[in-house]
Amino acid sequence: PVNPCCSFPCQNRGVCFNGKEPGSYTCDCANLPFYGKHCETPYFWTRIALWFKPSPESVHGLLVSENLKWLWDIVNSVKFLHDWAIRRVYLSRAEILDTPPLYETIHDYTTITATTNHSVYARCLPPVPLDCPTPMGVKGKKTLPDVDLLVKTFFVREKFRPDPQGSSVLMTFFAQHFTHMFFKTSYRANPGATWSGHGVDVTSIYGSNVTDEHLLRSFKDGKLKMQVLNNEEFPMYARDARVFMMYPPGIPEDSRFALGHPFFGLLPGLFLYQTIWMREHNRVCDILREEHPDWDDERLFQTGKLITLGETIKIVVEDYVQHLASYYVNVAFKPEVLFGYPFQYSNKIVVEFNHLYHWHPLMPDSFNISGNIVKMKDYMFRSDLVVKHGTAAMTDSLSRQRAGHMSHHNHGAVTLHVLRDTILHGRDLRFQSFNNYRARFNLKPYSSFEELTGETKMAAELERLYGDVDAVEMYVGMLLEKRRKRALFGSTIVDMGAPFSVKGLLANPICSPVYWKPSTFGGERGFDIVRTATLQKLFCNNIKGKCPLVSFRVPE
Ligand code: MNH
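Since the structure is predicted, the reported quantities are computational estimates derived from the model, not experimental observations.

Following the criterion strictly, the structure yields 34 salt bridges and no others. Ionic pairing is found between aspartate 98 and arginine 440, a salt bridge with its closest N-O pair at 3.8 Å. Here aspartate 98 is found in the loop between helix 4 (79–94) and strand 5 (103–104), whereas its partner arginine 440 is found in helix 17 (residues 434–440), with 342 residues between them in sequence. Here arginine 440 falls in the buried class, since its relative accessible area comes to 8%.

Dropping the structure here:
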């Protein structure tokens with residue numbers, strides 16, 4: 001008989017468990033607010049709560065409704081209301097995830113490795129069992145569509161389509177620089193292996209290990225080692241600070257810098273963030289030294305790092321997440337609202353989160369630097385462009401240029417191979433279907449291809465290739481899914497991404513009641529730097545002369 005777990009019978013996070021007799025199974029509903037053969041029946045109070053609980057779609061509608069702006073203005077300005085709203089956002093997002101994680105990328109079932117082995121990603125749903133009739137369990141065809149056919153049919157960019165939310169490319173490089181501190185796949189091993197530190201650890205600035213960190217430090221006054229080029233401070237050349245970097249052969253010395261991540265030489269936008277954050281660290285060290293003339297280099301360095309870490313989270317929540325969500329409620333960074341509530345300060349990076357963060361359609365085909373058009377292929381590995389044009393002009397230009405729409409038919413030529421790999425890695429990892437992931441995140445699975453794409457042409461192609469809407473692959477579904485009105489993403493990317501994002505940010509050790517206090521950050525002045533950090537200040541405090549436009553949204 002067919003393995004009954006292949007049809008994923010257990011609902012509401014119940015665990016499918018094979019019985020002694022072939023073909024038998026149970027759903028383990030222990031400790032869930034549901035019971036029944038398939039964990040389908042809510043207990044009485046759960047039923048009442050569910051009855052009042054609005055769907056993710058309606059919650060989103062309320063948060064972005066122009067007609068309710070007056071209400072959100074009140075919530076934003078009344079402290080206890082705002083704290084309540086923010087706490088609800090944090091808790092409701094985080095409780096969707098398993099903490100500690102149940103699954104990892106080696107085994108098909110719960111292991112302790114999921115929590116303890118840091119060189120594998122956790123995973124949110126277990127893989128499709130190996131003995132199932134189809135790659136998605138029981139639904140769909142015996143084989144998945146040819147990957148090159150998928151790329152050609154749905155993803156190759158014909159004409160650049162900009163993000164309707166108006167995101168700037170300054171935003172996309174922030175996303176890439178920030179997330180690469182924890183999305184670190186050991187591709188040579190396998191797509192489930194990682195060298196991540198599993199959280200926001202600012203290794204993107206300071207290097208991934210102590211050896212590299214030492215090479216980036218000056219060992220004086222806590223500061224990082226920098227050099228002056230073209231009247232501005234920049235990271236050291238790779239030949240002068242021999243951290244592990246990956247440059248293709250033939251890149252000239254004046255474009256080869258020593259950075260926090262081996263790939264950050266790839267794009268000038270990443271080099272810009274690296275430069276600005278290093279300057280910020282050194283600026284913070286000067287302030288700390290004023291407050292503590294007796295502190296040695298090590299203490300200044302370590303405390304400076306805690307401050308830039310705090311600033312990172314503050315800016316991610318209040319500038320970056322606020323921009324992406326475009327909610328009328330102020331998405332604020334207030335770790336203290338969770339004190340005394342059930343919330344665990346531990347985090348593990350989940351492989352599905354990594355996949356959903358493959359936002360390559362955001363990349364344009366060329367860049368405008370103060371009126372000069374530079375094609376993508378002439379932009380890659382050209383850190384020297386930032387030195388030449390200066391950080392001010394670079395920041396200003398990136399703030400004015402629009403990012404691409406994260407959607408179908410919008411992958412530029414240089415990222416098509418990444419897309420292809422992402423789809424293949426998802427198959428290697430035996431990801432469950434797009435619809436199963438929707439169900440896992442309390443979203444209604446799509447009942448037809450038309451409902452999924454919101455149109456008919458791609459829907460028909462998809463149907464021909466997959467046969468069943470329940471057999472569409474996770475990443476493919478996320479990109480082809482219809483977009484909400486004027487939105488960068490569809491509902492699955494948002495409602496799946498937000499829990500991982502909120503959890504990863506708020507479960508950071510510095511957000512816990514034992515860390516979140518002035519002494520951790522070198523006193524009130526350091527704590528204030530964290531609590532008042534903004535994207536604008538990050539750039540303007542570290543660029544000489546007139547402050548450029550610094551914005552995640554392009555001007556009208
Ligand atoms: Mn990108 C991984 C190229 C922009 C997010 N990206 C990779 C890989 C390559 C790559 C190559 C490795 C994949 C593989 O070997 O299978 N990325 C690019 C290029 C550009 C780019 C050429 C721009 C041009 N990437 C971006 C942007 C984001 C992004 C913008 C937005 C957040 N990329 C990712 C993520 C990974 C990745 C996430 C996975 C990293 C990892 O797990 O190690």
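Relative to the helices and strands, glycine 340 resides in the loop between helix 11 (297–325) and helix 12 (351–356). As a C-alpha pair, glycine 340 and glutamate 280 span 60 residues in sequence and 33 Å in three-dimensional space.

To describe a pair of aromatic rings, one takes the distance between the centres and the angle between the planes. In total, this model carries 35 aromatic pairs according to the counting rule given. Arranged with centres 6.2 Å apart and planes meeting at 70°, the rings of phenylalanine 154 and phenylalanine 155 form a pair that is edge-to-face. Centre to centre, the rings of phenylalanine 431 and tyrosine 437 are 6.2 Å apart; their planes meet at 75°, and the pair counts as edge-to-face. Judged by relative accessible area, which is 0%, tyrosine 437 ranks as buried. Over the ring of phenylalanine 301 we find arginine 217, and its NZ or CZ is 3.9 Å from the ring centre.

Within the fold, histidine 358 resides in the loop between helix 12 and strand 9 (366–369). Of the polar contacts made by the side chain of histidine 358, one reaches the backbone oxygen of asparagine 354; its length is 2.9 Å. Discounting residues that sit within four places of it in the chain, histidine 358 has contacts with Tyr187, Met406, Val418, Thr422 and Tyr475.

Before going further, it helps to spend a moment on the nonpolar core. One finds Tyr320, Tyr379 and Phe539 to be the most contacted residues of the largest nonpolar core, which totals 148 residues. If you tally residues by element for this core, the top one is helix 11, at 11 residues. With sequence-adjacent residues up to four places away left out, tyrosine 379 is seen in contact with Phe173, Leu266, Leu267, Pro268, Gly269, Phe367, Ile369, Val374, Leu385, Met394 and Leu398. Ranked by size, the runner-up nonpolar core spans seven residues in total, among them Tyr25, Cys29, Leu32 and Phe34.

Cut-offs and rules
Residues take numbers from 1 onward in each chain, read along the sequence in its written order. Side-chain atom pairs in this predicted model are given and counted only at pLDDT of 80 or more, local residue features only at pLDDT of at least 70, and totals for whole chains, interfaces and linings cover all residues. Hydrogens are left out, water is left out, and the side-chain values use all remaining heavy atoms of the structure. Definition used for salt bridges: Asp or Glu carboxyl oxygen within 4 Å of a side-chain nitrogen of Lys or Arg. Secondary structure elements follow DSSP: runs of H or I of four or more residues count as helices, runs of E of two or more count as strands, with numbering from the N terminus. Partly exposed residues are those whose accessible area sits between 20% and 50% of the maximum for their type, while under 20% is buried and over 50% is exposed, using a 1.4 Å probe and protein chains only. Each aromatic pair joins two rings of Phe, Tyr and Trp (for Trp, the six-membered one) with centres within 6.5 Å, and gets the label stacked for planes under 30 degrees apart, edge-to-face for over 60, and tilted for any other angle. To sit over a ring, a charge needs its Lys NZ or Arg CZ within 6 Å of the ring centre and within 35 degrees of the ring normal. We call two N or O atoms a polar contact when they sit within 3.5 Å, provided that within protein one can donate a hydrogen and the other can accept it, with sequence-adjacent residues counted only if both atoms are side-chain atoms. Working rule for contacts: check all heavy atoms of both residues, and any pair within 4.5 Å makes them a contact. For this analysis, a nonpolar core means a set of buried residues of the types Ala, Val, Leu, Ile, Met, Phe, Trp, Tyr and Cys, connected via side-chain atoms within 4.5 Å.

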